[in-house]
Amino acid sequence: MTHADRADQFRALHRTGEPLLLPNAWDHASAAALAGAGFPAIGTTSLGVAAAAGKADATGGTREETLRLARGLARLPALITVDIEGGFSERPDEVAELAAELARAGVVGVNIEDGRPDGTLAGTAPQCELISAVKESAPDLFVNARTDTYWLRAGGAEETERRAAAYQQAGADGLFVPGLQDGKAIAALVDGVLDVPLNILFAPGALTFRRLAELGVRRVSSGSLLFRAALHAAVEAAHSIGGGGAVPDDLPSYADAQALSAAYGEGV
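What counts and what doesn't
Residues numbered from 1 in each chain as written. Predicted model: local features only at pLDDT ≥ 70, side-chain atom pairs only at ≥ 80, totals over all residues. Heavy atoms only, no water. Phe/Tyr/Trp six-rings, centres within 6.5 Å; stacked < 30°, edge-to-face > 60°. Helix = DSSP H or I, 4+ residues; strand = E, 2+ residues; numbered from the N terminus. Buried < 20%, exposed > 50% of the residue type's maximum accessible area, 1.4 Å probe, protein only. Expected span 1.5 Å × (residues − 1). Contact = heavy atoms within 4.5 Å. Axes fitted to C-alpha atoms, helices over the stretch in contact; angles between N-to-C directions. Left-handed = near helix turned anticlockwise from the far one by under 90°. Nonpolar A, V, L, I, M, F, W, Y, C, P; charged D, E, K, R; others polar.

Draft legend 1. Representation of the packing of aromatic side chains in the model. Counting across every chain of the model gives two aromatic pairs. Consider the rings of Phe-10 and Phe-142, whose centres lie 5.4 Å apart with planes at 85 degrees: the pair is edge-to-face. Residue Phe-10 is found in helix H1 (residues 3–13), and its partner Phe-142 is found in strand S6 (residues 142–146); the two are separated by 132 residues along the sequence. The exposure class assigned to Phe-142 is buried, which follows from its relative accessible area of 3%.

Draft legend 2. Molecular detail of helix H5 (residues 92–105). For H5, which comprises 14 residues, the first-to-last C-alpha distance of 20 Å matches the rise-based estimate of 20 Å (1.5 Å per residue) to within 8%. Every buried residue of H5 is accounted for by Val-95, Ala-96, Leu-98, Ala-99, Ala-100, Glu-101, Leu-102 and Ala-103. Looking at the buried residues of H5, the elements they touch are H1, helix H4 (63–73), strand S5 (109–113) and helix H6 (124–137). Downstream of H5 by one or two residues, Gly-106 has phi in the positive range, about 110 degrees.

Draft legend 3. Layout of the packing of H6 against helix H7 (residues 157–170). Interaxial distance between H6 and H7 falls to 9 Å at its minimum, and their mutual angle equals 35 degrees. Considering how the two elements wind past one another, H6 and H7 form a crossing that is right-handed. Contacts from Thr-124, Gln-127, Cys-128, Ile-131 and Ser-132 of H6 reach H7 at Glu-159, Arg-162, Arg-163, Ala-166, Tyr-167 and Ala-170. When the residues that make up the contact of H6 with H7 are grouped by side-chain class, the tally is five nonpolar, three polar and three charged.

Draft legend 4. Up close: unusual backbone geometry. Of note, the phi angle at Glu-85 is positive, near 50 degrees, even though the residue is not glycine. The exposure class assigned to Glu-85 is buried, which follows from its relative accessible area of 2%. Here Arg-153, not a glycine, exhibits a phi torsion of approximately 55 degrees, which is positive. By the element assignment, Arg-153 lies in the loop between S6 and H7. The exposure class assigned to Arg-153 is exposed, which follows from its relative accessible area of 80%.

Written out as structure tokens, the structure is:
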């Protein structure tokens, strides 16, 4: 199957009856476990990738770790989309080269965000240049343009809609608005602005998967939630050992965990 065929499969997952539930992995084992559980598509979480490398998230310092991980994940029996933060550069040619490398590795999608480490938003025009450069370099790649208007509290519905229109015009295949949990604002984007699928970040205690589906959301991602849940579970298990508490008895066995490496074929 060609890369274009796999990219078409990924696009189609955004057009089915249910929204695409996209779990986000942070390393080879977590991605292989999710693929083995039957998830057809898996994303990466920049926080998880950065934290696993002992680095800070969203500072542009994990280009090599992200690329190396992506090359391995692309061999899994799942469609892989990669969080590239802001592109790890403000130069369109460098971001385009990264996109081309990911596409050559077999990755079918990327998230690229307009939030910057200092808490501001990138200018709309420069961000559109990055999106356009990615699409020119890797036309089949599904570009999920993330705007941090709500995440950084740097703009409300009007600014989000303005950026959504601009990013679509630049060639984005989808729009991602983390932090948005207002049903009316979501419906306004879906019904009045977007011609591409809307991605919303799942937030515990906020809008449910079912409600997001009713509002017309086409992709629901977990972001760093699974990574943070794994950290919590590890600490709780350690406390349980010392305190005589119960440790779940249905955990993957040593052999189960060891077998995850077989999902990658040749070594990375």
